[in-house]
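# Secondary and tertiary structure notes
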Amino acid sequence: MSLQGISGKTIPFDGQVGGHAGVMTVEDGSMIIKDSLPKERAFYALLGTHEALAPLRDYVPEYMGQIKLTGVTEGVEVGHEVLQEIASGKESIVLRNVAYEFKKPNILDIKLGTVLYDESANEEKQARMIETARKTTSLESGVRLTGFKVWDPSKNDYEQTPKSYGKSIKVSQLPEGMAKFFPAASIQDRGLLNAVIDGIIGEVQEIKEIFEKVEMRMVGGSLLIVWEGDEEALKASLSATEELPEGGLTGKHKAEAAAAAPAAAERALNEVEVELPGGKGAAEEESAETSSSLSTSSSKKLSLGYAVKMIDFAHTRLAPGEGPDKGVLLGMETTLKLLEGRKAELAVVAEDAGAA
Ligand SMILES: Nc1ncnc2c1ncn2[C@@H]1O[C@H](COP(=O)(O)OP(=O)(O)O)[C@@H](O)[C@H]1O
Ligand SMILES: [Mg+2]
């Protein structure tokens with residue numbers, strides 16, 4: 001796998017559950033290509049070089065490089081947004097598809113934070129975004145369910161929940177939203193569902209601990225939660241995970257495992273530096289090299305039955321002296337409560353089923 005693979009065909013990414021339309025993927029689905037602002041590329045570069053951000057590296061999608069879609073999509077049918085991008089010559093970033101290793105990925109994008117504008121927004125936009133936060137669950141809870149898709153084995157199809165749902169519900173309805181993402185009926189073995197939620201809680205907890213220590217402002221960023229909707233595949237990956245130390249593969253363990261393939265992610269992120277605006281430019285060739293050095297490690301990655309990553313750094317900046325991002329932390333707390341709440345509900349469902 002390398003960026004050279006992209007010179008083949010790019011197709012719309014069917015795992016996109018939120019954000020601006022037009023996220024693309026490559027033919028084998030291993031990577032996604034998305035429109036990016038310079039700020040987001042700069043953040044990914046910073047991740048590789050800034051020590052305070054090092055703990056976050058396990059919790060973002062692998063950065064494969066950046067690319068201009070011009071030419072790459074030649075002769076391929078592309079969506080409106082992508083065409084616009086080509087016209088404007090904008091850069092895209094190429095990330096590892098977090099849902100790639102899943103057979104039937106259930107995907108949820110949770111937008112974090114209470115403040116939905118950054119300082120560069122004009123007064124009118126700021127006012128609008130304050131109003132949006134107030135009218136949705138964001139201001140009160142620090143989360144908005146941006147969108148999600150869940151595999152429904154009875155229909156043999158995905159159930160898609162659009163952004164209008166997450167935008168319209170009240171904080172009191174967030175648990176219903178979480179129940180829709182972890183439907184009791186989707187997995188026969190309740191223990192599996194329980195284990196998945198536990199695993200996800202562990203990851204969110206770790207991300208929260210990291211965020212408590214970094215001075216950063218993240219506006220419009222999300223937690224991307226993926227879990228395996230195919231019961232057999234879920235069972236297989238979770239039982240493989242059980243054999244690992246301390247009952248699971250947390251970020252720390254993953255880092256240890258990755259150490260076997262020497263710091264590939266870090267190396268790649270460092271290399272990304274040369275691709276920053278004002279750098280060497282014409283980065284396609286170098287991106288390809290960067291990604292091929294990465295691919296060895298990523299193909300060895302274990303599928304866990306679930307994955308949790310932070311995404312969307314278009315409006316993220318370091319904020320030395322300003323302390324941690326309280327709105328984002330509130331969102332992580334809310335997410336943890338919702339996950340715990342769903343676990344408790346499922347325990348009751350299981351008891352009822354046992355009594356019947
Ligand atoms: N690395 C990734 N792996 C899988 N899906 C992704 C990845 N990055 C983004 N997505 C999908 O694309 C959507 C939009 O991406 P995001 O980075 O949030 O861009 P936007 O600025 O448009 O909100 C997300 O909601 C998610 O569904
Ligand atoms: Mg987004």
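These numbers were taken from a predicted model, which means no experiment stands behind them.

### A short note on the pattern of salt bridges
Scanning the entire structure with this criterion turns up 17 salt bridges. Its salt-bridge partner being lysine 34, residue glutamate 40 comes within 2.9 Å of it at the nearest N-O pair. Judged by its relative accessible area of 1%, glutamate 40 is buried. For lysine 34, a relative accessible area of 17% puts it in the buried group. The partner of glutamate 119 in a salt bridge is arginine 317, and the shortest N-O contact between them spans 2.9 Å. Residue glutamate 119 is found in the loop between strand S6 (105–112) and helix H3 (123–135), and its partner arginine 317 is found in strand S12 (residues 316–318); the two are separated by 198 residues along the sequence. On the basis of relative accessible area, arginine 317 is assigned to the partly exposed category, the value being 21%.

### Some points on the pairing of strand S4 (residues 63–68)
By the criterion of burial, S4 is predominantly enclosed, with 5 of the 6 residues buried. Pairing geometry for S4 and strand S5 (residues 91–96), over 5 bridges, is antiparallel. If you follow isoleucine 67 over to S5, its bridge partner there is serine 92.

### Observations regarding the sheet that holds S4
Pairing is antiparallel in the open sheet, where 5 strands are placed in the order S1-S2-S3-S5-S4. In the strand order of this sheet, the two ends are held by strand S1 (10–12) and S4, each with one partner. For this sheet the average axis-to-axis angle between neighbouring strands, irrespective of direction, equals 30°. Pairing of strand S2 (residues 24–26) with strand S3 (residues 31–35) involves 2 bridges; the strand directions are antiparallel. Note on S3: the bridge partner recorded for threonine 25 is isoleucine 32. On the sheet, helix H1 (residues 38–49) packs against S3, S4 and S5 and is oriented at approximately 40° with respect to S5.

### A closer look at H1
If you check H1, its first and last C-alpha atoms are 17 Å apart, about what 12 residues at 1.5 Å a residue would give, namely 16 Å. When we look at burial in H1, the residues that qualify are Glu40, Arg41, Phe43, Tyr44, Ala45, Leu47 and Gly48.

### Quick notes on the pairing of S3
For S3, the tally of buried residues reaches 4 of 5 residues, placing the bulk of the element in the interior. In this antiparallel pair of consecutive strands, S2 and S3, the connection spans 4 residues, and glycine 29 shows a positive phi of 75°. Across 5 bridges, the pairing between S3 and S5 is antiparallel. Along S5, the bridge assignment pairs aspartate 35 with serine 92.

### Side note on the packing of aromatic side chains
Summed over all chains, the structure comprises 9 aromatic pairs. Ring geometry for tyrosine 44 and tyrosine 63: centres 4.9 Å apart, planes at 40°, overall tilted. With tyrosine 44 in helix H1 and tyrosine 63 in strand S4, this pair connects stretches of sequence that are 19 residues apart. Relative accessible area serves as the criterion here: at 0%, tyrosine 44 is assigned to the buried category. A residue is classified by how much of its surface remains accessible, and tyrosine 63, at 2% relative accessible area, is buried. Between the NZ or CZ atom of lysine 149 and the centre of the ring of tyrosine 158, over which it lies, the distance is 4.1 Å.

### Remarks on the nonpolar core
Soluble globular proteins tend to bury their nonpolar side chains together. Counting residues in hydrophobic clusters, the biggest one holds 58 residues, and the most contacted among them are Leu56, Ile110, Phe182, Ile200, Phe211, Trp227 and Met310. Element by element, the count of residues in this core is highest for helix H7 (residues 190–213), at 10 residues. Counting 9 residues, the second-largest nonpolar core is a separate cluster that includes Ala99, Ile107, Leu224 and Val226.

Reading the values: rules and limits
- Residues numbered from 1 in each chain as written.
- Chains lettered and ligands numbered in written order.
- Predicted model: local features only at pLDDT ≥ 70, side-chain atom pairs only at ≥ 80, totals over all residues.
- Heavy atoms only, no water.
- Salt bridge = Lys/Arg side-chain N within 4 Å of Asp/Glu carboxyl O.
- Buried < 20%, exposed > 50% of the residue type's maximum accessible area, 1.4 Å probe, protein only.
- Helix = DSSP H or I, 4+ residues; strand = E, 2+ residues; numbered from the N terminus.
- Pairing = 2+ DSSP bridges.
- Axes fitted to C-alpha atoms, helices over the stretch in contact; angles between N-to-C directions.
- Contact = heavy atoms within 4.5 Å.
- Expected span 1.5 Å × (residues − 1).
- Phe/Tyr/Trp six-rings, centres within 6.5 Å; stacked < 30°, edge-to-face > 60°.
- Lys NZ or Arg CZ within 6 Å of the ring centre and 35° of its normal.
- Core = buried A, V, L, I, M, F, W, Y, C linked by side-chain atoms within 4.5 Å.

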